[in-house]
Amino acid sequence: MTPLTARRYLESLARNGQLTAKGLDFALHRIGVFPDAANWKRFADRLLLWAGILLLLASVVFFFAFNWNELHRFTKISLVVLPLVISSSMMAYTGIERAAGKAWLGAGVVLTGVLLAVIGQIYQTGADSELLFAGWALLALPWVVIARAPWVWLFWLVLLNTSLALFLVGRFDIWMVLIYSDAIFWGPLLLNALALLLWEFYWPRIAWMRARYAPRFIVFLAAVAATGLGVSWWFLVKRTGWQLMHYAPIAYLPWLFLTVWYYRTRRKDIVPLVASALSCIAVLTAGLISGMFGKKYLDVTSFFVIGAVVAAMTAAAAIWLRHTSSKWAKARGVGDA
């Protein structure tokens, strides 16, 4: 029985009058739900460590922003390379398995991108923004692999998504339709869906990947990408030349169904269900807007209708999520008893 399951079981006993408030407090302390002095010390150490690393990185960035014109180009590069060397040395000294080592590794990953940005600004390479983030992700990949930490992998995934998003925005013109076609709109959803599939596959096999926030964050990225694809379908499907956009529901609907099915029946996590519900509401609202405005219904009543439909869908989603959560709680209570 996990501490979370034990806590819920004890709280259910207290609600049923089978356990007093004093007994509940004593039991929660015994199973480690309430932190003791050692846990508070560990939390303070981690908090101060990460705060120091973030302040160090922020100081490097703001120092460049304020003194850029007064610094020589070699000084600029040295001021980034020196912290990068220090972070690498500290990572090797403290060890990659320790929290401090992972923190120094994270600083090295961030400083790698800062170094690329500084070099690009000094020598005006003319590279596009998406190439900066793609190169950042490529150079940071060895660091990410040896880190074996969920948050480092998630940061790397954010770099890939940023690079892809900048590519889509930068190519959103006639050349995109003629050369790249509308298939590039599928890219973000396919990228994050593949990342989520791999993470869920390795979840039971690799210990360090069993962080609950990791799949939740990837589901959020996938939901944003899927929502963008679904909304685009309503407004771009009628355009001449956008052939693949007709098949957008073939990607969106299976993603929505599989996400809801897996996290409702297998993993039983409410956060992905919330993301799926919000995505569905956004896509249906976009369809309503497209249908009403396409027929020139631009009066005030249209906005009231849209607001009422959104409120109704939100209420229905809230009822469904609450019912699902209650169902899980009852199943846990029966199973634990």
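Residues numbered from 1 in each chain as written. Predicted model: local features only at pLDDT ≥ 70, side-chain atom pairs only at ≥ 80, totals over all residues. Heavy atoms only, no water.

**Some thoughts on the overall build of the protein chain**
Stated formally: Counting from the N terminus, the helices are DSSP H or I runs at least four residues long and the strands are E runs at least two residues long. Burial classes follow relative accessibility: with a 1.4 Å probe on protein chains only, a residue under 20% of its type's maximum area counts as buried, one over 50% as exposed, and anything between as partly exposed. Residues count as neighbours in contact if any of their non-hydrogen atoms are within 4.5 Å of one another. Residue exposure ignores everything except the shown protein chains as possible cover, and the areas themselves are Shrake-Rupley values with a 1.4 Å probe.
A tally of helices and strands in the protein chain yields 13 helices and zero strands. Secondary structure of the protein chain in N-to-C order comes out as α-α-α-α-α-α-α-α-α-α-α-α-α. Burial status across the protein chain gives 35% buried among its 337 residues. Nonlocal contacts in the protein chain, meaning residues at least 24 apart in sequence, comprise 65% of its contacts between residues at least 6 apart. Surface summary for the protein chain: the accessible area is close to 20100 Å², and the carbon and sulfur share equals 70%.

**Quick notes on the packing of helix H9 (residues 187-202) against helix H10 (residues 213-236)**
The test is simple: Working convention: axes come from line fits to C-alpha atoms, limited for helices to the stretch in contact. Angles between N-to-C directions cover 0 to 180 degrees. For classification purposes, angles smaller than 35 degrees are called roughly parallel, those larger than 145 roughly antiparallel, those between 65 and 115 roughly perpendicular, and all remaining angles oblique. The sense of a crossing depends on the near helix, which, turned anticlockwise from the far helix by less than a right angle, makes the crossing left-handed and, turned clockwise, makes it right-handed.
Interaxial distance between H9 and H10 falls to 8 Å at its minimum, and their mutual angle equals 155°. As summarised for this structure, H9 and H10 are arranged roughly antiparallel, according to the angle between their axes. As H9 runs across H10, the sense of the crossing is left-handed. Contacts between H9 and H10 involve Pro188, Leu189, Asn192, Ala195, Leu196, Trp199 and Glu200 from the former and Ala214, Pro215, Ile218, Val219, Leu221, Ala222, Ala225, Ala226 and Leu229 from the latter.

**As for the nonpolar core**
Applied cut-off: For the purposes of this section, nonpolar cores are sets of buried Ala, Val, Leu, Ile, Met, Phe, Trp, Tyr and Cys residues that join through side-chain atoms within 4.5 Å.
Grouped together as the largest cluster of nonpolar side chains are 32 residues, with contacts concentrated most on Leu189, Ile218, Leu229 and Trp255. In terms of residue count, the dominant contributor to this core is H10 (10 residues). If near-sequence neighbours (up to four positions away) are discounted, leucine 189 is found in contact with Ala222, Ala225, Ala226, Leu229, Ala251 and Trp255. Among the nonpolar cores identified, the runner-up in size contains 30 residues, and Ile53, Val60, Val109 and Trp156 belong to it.

**A few points about the confidence of the model for the protein chain**
Applied cut-off: In predicted models, pLDDT denotes the confidence assigned by the predictor to each residue on a 0 to 100 scale.
Per-chain confidence: the protein chain averages 81 in pLDDT, with 85% of residues scoring 70 or above. The lowest-confidence element of the protein chain is helix H8 (residues 174-180), averaging 52 in pLDDT; the highest-confidence one is H9, averaging 92.

**Notes on unusual backbone geometry**
Residue arginine 148 is not a glycine yet carries a positive backbone phi of 50°. Turning to its location among the elements, arginine 148 is positioned in the loop between helix H6 (129-147) and helix H7 (150-170). Exposure remark for arginine 148: the relative accessible area of 39% places this residue in the partly exposed category. Despite not being glycine, lysine 268 shows a phi value in the positive range, around 60°. Here lysine 268 lies in the loop between helix H11 (248-266) and helix H12 (270-294).

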